Amino acid sequence: MAEYKISAEARTEFGKGASRRNRVVGKVPGVIYGHGAEPSHVLIPAHDLMMALKTPNVLINLQVDGKSQLVIPKAVQREAIRGFLVHIDLLVVRKGEKVTVEVPIHVEGDLAPGGNLLEHVLNALPVETEATHIPEGVTVSVEGLEAGASIHAKDIDLPKGTSLAVEEDAVVLQVLAAQAEEPAGEEGEEAAEA
């Protein structure tokens, strides 16, 4: 798992105007919380943060006023149109501590011939794992699966030290038969006349 080291600074100004001014100069406002401590407000360089967030469930070693804290992103707010970072909530974690995160599901293989469709019931798999060993994703093979087949959470191989944070019988992927449209015949013409 990748760990990014980012230097941040304590935030002293609050409010909409201050946040806008900071974003203009390339700094993203954020809040660090967890372990019963008072939340601390920080400013993080936008480019460094965007690069770190390219990795799902990234572990960030945040340097604030000479102190180092391990954090993971809990909530990221982006501007709706252009997608730039507006605000981030970071959760403090410690080595050896278990956290619940969602890891991406990667699908490999081809379905059985016949125009079947693969439906992703879950786009990410909720798991509980050690904060410093969060898997980057899980891989699921759908090779040869036919319509009606499904893959449950319990069927997915998880890395050592990782357990499911969802019901074992939860459907993750299912194969659907392709549905053909009925040709417009006499019934369609009658409905159009009415």
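A short tour of the structure in this document, coming up. (Residues numbered from 1 in each chain as written. Predicted model: local features only at pLDDT ≥ 70, side-chain atom pairs only at ≥ 80, totals over all residues. Heavy atoms only, no water.)

1. Some details on the sheet that holds strand β13 (residues 171–176)
- Taken in spatial order, the three strands line up as β8-β13-β11 in an open sheet, and their pairing is antiparallel. Each edge of the open sheet is held by one strand with a lone partner, namely β8 (117–120) and β11 (150–152). In this sheet, adjacent strand axes meet at a mean angle of 15 degrees when their direction is disregarded.
- As paired strands, β8 and β13 are joined by four bridges and run antiparallel to one another. Within β13, the residue paired with H120 across the bridge is L173. (Pairing = 2+ DSSP bridges. Helix = DSSP H or I, 4+ residues; strand = E, 2+ residues; numbered from the N terminus. Axes fitted to C-alpha atoms, helices over the stretch in contact; angles between N-to-C directions.)

2. Digging into the sheet that holds strand β12 (residues 163–164)
- Taken in spatial order, the four strands of this open sheet run β10-β7-β9-β12, and their pairing is mixed. In this open sheet, the two edge strands, each paired with only one partner strand, are β10 (138–141) and β12.
- Inspection of the sheet shows strand β7 (residues 98–108) paired to β10 by four bridges, in the parallel sense. From the neighbouring strand, E108 faces β10, where its bridge partner is S141.

3. Overview of the pairing of β7
- Relative to strand β9 (residues 124–130), β7 runs antiparallel, the two being bridged by seven bridges. Residue pairing in the sheet places V101 in a bridge with V127 of β9.

4. Re unusual backbone geometry
- One non-glycine residue, D65, adopts positive backbone phi at about 50 degrees.
- With respect to the helices, strands and loops of the structure, D65 is situated in the loop between β4 (59–64) and β5 (67–78).
- What makes D65 exposed here is its relative accessible area of 60%. (Buried < 20%, exposed > 50% of the residue type's maximum accessible area, 1.4 Å probe, protein only.)

5. Here we look at helix α1 (residues 16–24)
- Turning to α1, its buried residues are A18, S19 and N22. Here the buried residues of α1 occupy an arc of 100 degrees about the axis, which is enough to place them on one side. The exposed residues of α1 that point more than 90 degrees off its buried face are K16, R20 and V24.
- Looking at the buried residues of α1, the elements they touch are β2 (27–34) and β3 (37–45).
- G26 lies just past α1 and shows a positive phi near 85 degrees. (Arc of directions from axis to C-beta. Contact = heavy atoms within 4.5 Å.)

6. Here we look at the pattern of salt bridges
- Applying the stated criterion to the full structure yields four salt bridges.
- For E13, the salt bridge identified is with R21, shortest N-O distance 3.6 Å.
- Relative accessible area serves as the criterion here: at 43%, E13 is assigned to the partly exposed category.
- For the salt bridge of E79 with R82, the shortest nitrogen-to-oxygen distance reads 3.9 Å. (Salt bridge = Lys/Arg side-chain N within 4 Å of Asp/Glu carboxyl O.)

7. Observations regarding the side chain of N61
- The residue N61 is located in strand β4 in this model.
- Only 2.9 Å separates the side chain of N61 from the side chain of Q63, close enough to count as a polar contact.
- Engagement of the side chain of N61 in a polar contact is seen with the side chain of S68, the distance being 2.5 Å.
- In this structure N61 touches E3, Y4, K5, I6, S68, Q69 and L70, once residues within four positions along its chain are discounted. (Polar contact = N/O pair within 3.5 Å; in protein donor to acceptor, adjacent residues only side chain to side chain.)

Just geometry here; none of it tells us what the structure is for.
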